[in-house]
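As a plain string of letters, each chain reads:
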Amino acid sequence: MISQFIDRKRELAILEREWKNTPSFVVIYGRRRVGKTRLLVEFSKGKKVFFYTFMEGTKESQVKSLAKELVDFFNDEIFLSFSDWYPLFKYLSGKLMEKLSLYSTSLPMQLKAIEAS
Ligand SMILES: Nc1ncnc2c1ncn2[C@@H]1O[C@H](COP(=O)(O)OP(=O)(O)O)[C@@H](O)[C@H]1O
Ligand SMILES: [Mg+2]
């Protein structure tokens, strides 16, 4: 069972402000278990969001895994045709007709794969 969400009023206010400001790029960082993911989960309630957590792996496996989730979210198989970040995000940006938050958690995993490729 998920516990009651406590405090984080300031952080929620910042996210709400940025949400109104499109486009916006927000980085949330902090030590493990400090509440980064939970903050995003609470903020997402009632909003249309695409929430994705990167796993460790090669660039190819990460692109494919993200693409599969995007296929489900947008009901669009074209995402499966991309094998690199740039074309995938370029196509994705063209699909963002309405306000949508894209969450990527565990960015270090993604950066590690970019570095290795
Ligand atoms: N503001 C909060 N109120 C209550 N519980 C919280 C809060 N923030 C985090 N938690 C709980 O603490 C634990 C760790 O939070 P999590 O968001 O997974 O951390 P992180 O993503 O920073 O590693 C989870 O069980 C989460 O539900
Ligand atoms: Mg987390």
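Since this is a predicted model, take the numbers as computed values, not measurements. (Residues numbered from 1 in each chain as written. Chains lettered and ligands numbered in written order. Predicted model: local features only at pLDDT ≥ 70, side-chain atom pairs only at ≥ 80, totals over all residues.)

### So, the overall build of the protein
For step 1, the next point in the chain: Across its full length, the protein carries five helices and two strands.
For step 2, the next point in the chain: Taking the intrachain contacts of the protein between residues at least 6 apart in sequence as the baseline, contacts between residues at least 24 apart amount to 56%. (Helix = DSSP H or I, 4+ residues; strand = E, 2+ residues; numbered from the N terminus. Contact = placed C-beta atoms within 7 Å.)

### Here we look at the site of ligand 1
For step 1, the next point in the chain: Residues in contact with ligand 1 amount to 14 residues; listed here are only the nearest, Ile-6, Gly-35, Lys-36, Thr-37 and Arg-38.
For step 2, the next point in the chain: Residues of the shell around ligand 1, tallied by class, amount to four nonpolar, four polar and six charged. (Near = placed C-beta within 6 Å. Nonpolar A, V, L, I, M, F, W, Y, C, P; charged D, E, K, R; others polar.)

### Brief notes about unusual backbone geometry
For step 1, the next point in the chain: Positioned with a positive phi, Arg-33 is a non-glycine residue whose angle comes to about 65°.
For step 2, the next point in the chain: Along the chain, Arg-33 falls in the loop between helix H1 (9-20) and helix H2 (36-44).
For step 3, the next point in the chain: Under the C-beta neighbour-count criterion, Arg-33 is labelled exposed, with 8 such atoms within 10 Å.
For step 4, the next point in the chain: The phi torsion at Asn-75 lies on the positive side, around 55°, for a residue other than glycine.
For step 5, the next point in the chain: Secondary-structure assignment places Asn-75 in the loop between helix H3 (59-74) and helix H4 (85-95). (Buried ≥ 20, exposed ≤ 12 C-beta atoms within 10 Å, placed from the backbone.)

### Re H3
For step 1, the next point in the chain: Between its first and last C-alpha, H3 extends 22 Å over 16 residues, near the 22 Å set by a 1.5 Å rise per residue.
For step 2, the next point in the chain: Backbone geometry just downstream of H3 places Asn-75 in the positive-phi region, at approximately 55°. (Expected span 1.5 Å × (residues − 1).)

### As for the environment of Lys-68
For step 1, the next point in the chain: Of note, Lys-68 is situated in helix H3.
For step 2, the next point in the chain: Considering only alpha carbons, one finds Lys-68 and Phe-79, 11 residues apart in sequence, at a separation of 7.2 Å.

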